[in-house]
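As a plain string of letters, each chain reads:
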Amino acid sequence: MGNRVTLLKDGTATYAAMFEAIRKARNHVNMETYIFEDDEVGRKFSDLLIETQGKGVQVSIIHDSVGTLGTPRAFFERLETSGIRTLEFNPVNPLEGKNKSALDHRDHRKLLIVDGRVAFLGGINISSVYSGGSASRARKAKTKDPKDAIPWRDNPRADRRPGGGRIPEAVPRYLERQKLEPLTGGDYFPKLEAAGKEIVHAVGSTQDEAYSRIYVTLISAINSADNNIYLTNAYFVPDPQLLESLKDAAKGHLRQG
């Protein structure tokens, strides 16, 4: 209860909102991403994060080993030299990791948590690939195949009083799973006052769990729908259970109406 949610359209709005939140940070910035490229967008983020660290704000970054294979080690060494704490999630080189996980156990989360009060969630990585809007991407597309010019988009969101404080737990828990020392020196779980009227339920799943809590929550939400269901996703590969839930929901709505 008591959250304020802002829907962000594409990378242009998302990065602008992220930069603004980082500039306003007073205690800590926790970032988790699959891709963190050494390109125009990546360097803007790294410069701002280094500047923020220099102001006494503790910055911590988790990046996936496979997702950042193309990013030079020197890029992260520059961050570390400034005092930023970085973690390469499940290193491809098993000798570099303390937690022995399967090579295909990857970290696809995209989170930015500022002062434990604002959280950005969605599918946007830190890369110039995401920096344009849908319309601008469509205009710039030069292809002989019209279907390749169809614009893509991502729908991240910014939460104030994120998930009642549950979302900020994600980064510390991952550090624990990777056999690293817990985060210290910051007020990572501040007492939060109501920021709005939205209800936000943070659901986290990991590969080593017996079942996906996110999937169970999705099925439950569909089965509990009264009026409508809006589904937006980059990939739609439904299994039989999900298809049956959507069909049953549609039939039930038709019977009611």
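Residues numbered from 1 in each chain as written. Predicted model: local features only at pLDDT ≥ 70, side-chain atom pairs only at ≥ 80, totals over all residues. Heavy atoms only, no water.

Focus on the side chain of T71
Turning to step 1, where the next piece is worked out: Considering the arrangement of structural elements, one finds T71 in the loop between β3 (58-64) and α3 (73-81).
Turning to step 2, where the next piece is worked out: With relative accessibility at 9%, the residue T71 sits in the buried group.
Turning to step 3, where the next piece is worked out: Of note is the side chain of T71, whose polar atom sits 2.7 Å from the backbone oxygen of F36.
Turning to step 4, where the next piece is worked out: Residues in contact with T71, not counting those within four places in the same chain, are F36, E37, D38 and F76. (Helix = DSSP H or I, 4+ residues; strand = E, 2+ residues; numbered from the N terminus. Buried < 20%, exposed > 50% of the residue type's maximum accessible area, 1.4 Å probe, protein only. Polar contact = N/O pair within 3.5 Å; in protein donor to acceptor, adjacent residues only side chain to side chain. Contact = heavy atoms within 4.5 Å.)

Notes on the side chain of S127
Turning to step 1, where the next piece is worked out: In this structure, S127 sits in the loop between β6 (118-121) and α4 (134-140).
Turning to step 2, where the next piece is worked out: Reaching out from S127, the side chain makes a polar contact with the side chain of E37 at a distance of 2.9 Å.
Turning to step 3, where the next piece is worked out: In this structure, S127 is in contact with Y15, I35, E37, D39 and V41, ignoring residues within four places of it in sequence.

Details of the packing of helix α2 (residues 40-54) against α3
Turning to step 1, where the next piece is worked out: The contact between α2 and α3 brings their axes to 9 Å, and the two run at 15°. The angle between α2 and α3 falls in the class roughly parallel. In this structure, α2 meets α3 at a crossing whose hand is left-handed. Contacts between α2 and α3 pair G42, R43, S46, D47 and I50 from the former with F75, R78 and L79 from the latter.
Turning to step 2, where the next piece is worked out: Each residue belonging to the contact of α2 with α3 can be placed in one class, and the counts come to 3 nonpolar, 2 polar and 3 charged. (Axes fitted to C-alpha atoms, helices over the stretch in contact; angles between N-to-C directions. Parallel < 35°, antiparallel > 145°, perpendicular 65-115°, else oblique. Left-handed = near helix turned anticlockwise from the far one by under 90°. Nonpolar A, V, L, I, M, F, W, Y, C, P; charged D, E, K, R; others polar.)

Focus on the packing of aromatic side chains
Turning to step 1, where the next piece is worked out: All chains considered together, the criterion is met by 5 aromatic pairs.
Turning to step 2, where the next piece is worked out: Each ring, one from Y15 and one from F45, has its centre 5.5 Å from the other, and the planes form 80°; the classification is edge-to-face. One end of the pair, Y15, is in helix α1 (residues 10-23); the other, F45, is in helix α2, and 30 residues separate them in sequence. Here Y15 and F45 have matching classes, each one buried.
Turning to step 3, where the next piece is worked out: Between F75 and F76 the ring centres are 5.3 Å apart and the planes differ by 90°, which places this aromatic pair in the edge-to-face class.
Turning to step 4, where the next piece is worked out: Judged by its relative accessible area of 8%, F75 falls in the buried class.
Turning to step 5, where the next piece is worked out: A connected cluster of aromatic rings, assembled from ring pairs, spans Y15, F19 and F45. (Phe/Tyr/Trp six-rings, centres within 6.5 Å; stacked < 30°, edge-to-face > 60°.)

Digging into the nonpolar core
Turning to step 1, where the next piece is worked out: Core analysis: the biggest nonpolar cluster contains 31 residues, and Y15, F36, F45, L49 and F120 have the highest contact counts within it.
Turning to step 2, where the next piece is worked out: Those elements that provide at least two residues to this core are α1, β2 (28-33), α2, β3, α3, β5 (111-114) and β6.
Turning to step 3, where the next piece is worked out: The element contributing the most residues to this core is α1, with 6 residues.
Turning to step 4, where the next piece is worked out: Beyond its immediate stretch of four places on either side in the chain, F36 contacts M31, G42, F45, S46, L49, I61, T68, T71, F75, F76 and I126. (Core = buried A, V, L, I, M, F, W, Y, C linked by side-chain atoms within 4.5 Å.)

Focus on α3
Turning to step 1, where the next piece is worked out: Every buried residue of α3 is accounted for by F75, F76 and L79. Buried residues of α3 fall within an arc of 90° about the axis and therefore sit on the same side.
Turning to step 2, where the next piece is worked out: The inward-facing, buried residues of α3 contact α2, β3 and β4 (85-89). (Arc of directions from axis to C-beta.)

With respect to the pairing of β2
Turning to step 1, where the next piece is worked out: Counting buried residues in β2 gives 6 out of 6 residues, a clear majority hidden from the surface.
Turning to step 2, where the next piece is worked out: Because side chains alternate across β2, one face comprises the buried residues H28, N30 and E32, and the other comprises V29, M31 and T33, equally buried.
Turning to step 3, where the next piece is worked out: Relative to β3, β2 is paired through 6 bridges, and the arrangement is parallel. Its bridge partner lying in β3, H28 is registered against Q58.
Turning to step 4, where the next piece is worked out: In terms of handedness, the path from β2 via α2 over to β3 forms a crossover that is right-handed.
Turning to step 5, where the next piece is worked out: Here β2 runs beside β5; their pairing, made up of 4 bridges, is antiparallel. Within the sheet, the bridge partner assigned to V29 lies in β5 and is V114. (Pairing = 2+ DSSP bridges. Right-handed = clockwise from strand over helix to strand, strands pointing away.)

Some words on the confidence of the model for the protein
Turning to step 1, where the next piece is worked out: In the predicted model, the protein carries a mean pLDDT of 82, and 79% of its residues have values of at least 70.
Turning to step 2, where the next piece is worked out: Ignoring residues within four places in sequence, the model shows residues 136-141, a span with pLDDT below 50, making 5 contacts including any to other chains. (pLDDT = per-residue confidence, 0-100.)

A word on the pattern of salt bridges
Turning to step 1, where the next piece is worked out: All chains considered together, the criterion is met by 10 salt bridges.
Turning to step 2, where the next piece is worked out: The network of salt bridges with common partners includes R73, E77 and E80. (Salt bridge = Lys/Arg side-chain N within 4 Å of Asp/Glu carboxyl O.)

Things to note about α2
Turning to step 1, where the next piece is worked out: With 15 residues, α2 extends 21 Å from end C-alpha to end C-alpha; this agrees with the ideal 21 Å at 1.5 Å per step.
Turning to step 2, where the next piece is worked out: All of the buried residues along α2 are V41, G42, F45, S46, L48, L49, I50, T52 and Q53.
Turning to step 3, where the next piece is worked out: Where the residues of α2 are buried, they touch α1, β2, β3 and α3.
Turning to step 4, where the next piece is worked out: Put simply, D39 is the residue that caps the front of α2, since its side-chain oxygen is 3.3 Å from the backbone nitrogen of V41.
Turning to step 5, where the next piece is worked out: Downstream of α2 by one or two residues, G56 has phi in the positive range, about 95°. (Expected span 1.5 Å × (residues − 1).)

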